[in-house]
Amino acid sequence: MNKRGTAALLLALALVLTGCLADRNTEDAAQVPSGDVLLTSASESGGDTEKTAEDVTGATGGLPVLDPTGGSASEAPTTPEPTTEAPTTPEPTTEAPTTPEPTTEAPTTPEPTTEEPTTPESTTPEETTAGEDGPRAASEEVYLDPDWQYAEESAINSGHAVLYYAQENRKDIVVGVNAGHGTEGGSSVKTYCHPDHTPKVTGGTTEEGAIKAIAVSSGMDFDDGTPESRVTLKVAQYLRDMLLAKGYDVLMVRDGKDVQLDNVARTVICNHTADCHIAIHYDSDGLGYDKGAYFMSVPGALKSMYPVSDHWQEHEELGRALIAGCRDTGYKVWDDGSMDMDLTQTSYSTVPSVDIEMGNQSSAHDDDACYEAAEALAAGIDIFFEN
Ligand SMILES: [Zn+2]
């Protein structure tokens, strides 16, 4: 393009620019209060249009084209204002990145929520030895589900059992270990002896013929005053550790000094959570010598009552296996190892279920004796599940 052509083009551009500036100034004047307009005019003034005007000025010299520039300069007070205000408008845009920050912090807020599940885990001592078997927790709490069969027959059920998972050599078998007694207030509440509310057919803690039995008796005291509930818990804890080491999962029906679960609730939880139910007790027969172990077998009169009718053979088989375990480990056994007894436990059980008396008030019950009792039971459990 030659010089003349360039001059003509610049003139044309200048004229166009003059028109634009004029339009813009009227727009600015009319719409300064609007934020959007401020942004638009700011980009225009700082953009190509202004640059073009400078070029025009330099190229054309004293052309009237400059007047619009000078004119706009006189009107400039209104134009620059939006320019200075403009930077403040974009600021919110630069602050925007700071707005997302709370959004990125949001994920950190839920974290405590996801950490909550670890709180119950940490309340169980086994958690520290766990962790090799993936995401599965070392243990979990098990509450009585009111929808479970016979749950409505329970009177004390605010407590919970604890289900411990084996971390190695898993058998996928859950052994319900029920440390007898240990329910504060349990002896002042009663529950039905049988799910069909028929009377008890043998004596025991509750007399024959009774419709209701003590929900959980306080248990006997050993000759030295040690409460039965403390000893049954000790045996249960040893047994839990032995069974976990063998690969069994263990439902600790009572995992501490006290659990607010009556005999019906304990039984129903085992029915729905465990593959068998072993209640550990010591007899209060008044004998002055160690009687040895025996299990409470189902009386003949109960064998036609549901659910006993469907499960009494399993109870018998489990009881025989536990006694065999006692004999195998040298643990003293009383007589043939069984005594017929009408118990709330077996009356409501739908899994193999046994109340085993590991001795009486005269039996040794120090740590070594408790450990030996647990060994006998663990051996019997192996026999039961291996058959
Ligand atoms: Zn007992």
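Residues numbered from 1 in each chain as written. Predicted model: local features only at pLDDT ≥ 70, side-chain atom pairs only at ≥ 80, totals over all residues. Heavy atoms only, no water.

### Topic: the sheet that holds strand 3 (residues 174–179)
Now for step 1: Read from one edge of the open sheet, eight strands run 1-2-6-3-7-10-8-9, paired in mixed fashion. Edge positions in the sheet fall to strand 1 (139–143) and strand 9 (333–340), since each of these pairs with one other strand and no more. Going across the sheet, the axis of each strand differs from the next one's by a mean of 25°, ignoring polarity.
Now for step 2: Here strand 3 pairs with strand 6 (residues 249–252) via four bridges, running parallel. Looking across to strand 6, one finds that Val177 is bridged to Met252.
Now for step 3: Contacts from helix 11 (residues 263–273) reach strand 1, strand 2 (160–164), strand 3, strand 6 and strand 7 (276–283), with the element oriented near 170° to strand 3.
Now for step 4: Of the strands in this sheet, strand 7, strand 8 (293–297), strand 9 and strand 10 (353–360) are in contact with helix 12 (residues 308–328), which crosses strand 9 at around 165°. (Pairing = 2+ DSSP bridges. Helix = DSSP H or I, 4+ residues; strand = E, 2+ residues; numbered from the N terminus. Axes fitted to C-alpha atoms, helices over the stretch in contact; angles between N-to-C directions. Contact = heavy atoms within 4.5 Å.)

### A look at the layout of surface pockets
Now for step 1: In this structure, the largest pocket spans a volume of roughly 620 Å³.
Now for step 2: For the lining of the largest pocket, the element with the highest residue contribution is strand 7, accounting for five residues. (1 Å grid on protein atoms, 1.4 Å probe; cavity = no way out; pocket = protein on both sides within 12 Å on 5 of 7 lines; lining within 4 Å. Points joined across faces, edges and corners; volume = space filled by probe spheres on them.)

### Comments concerning the coordination of the zinc ion
Now for step 1: Note on the zinc ion: its protein donors are His181 (NE2), Glu228 (OE) and His281 (ND1). The metal-donor distances range over 2.0 to 2.1 Å.
Now for step 2: Read in sequence order, the donor residues for the zinc ion give the motif H-x46-E-x52-H. Here Glu228, found in helix 10 (residues 228–246), pairs with His281, found in strand 7; they are 53 residues apart in sequence, far enough to count as distant. We note that Glu228, like His281, is buried. (Donors = N, O, S within 2.8 Å, 3.2 Å for Na, K, Ca; no water. Buried < 20%, exposed > 50% of the residue type's maximum accessible area, 1.4 Å probe, protein only.)

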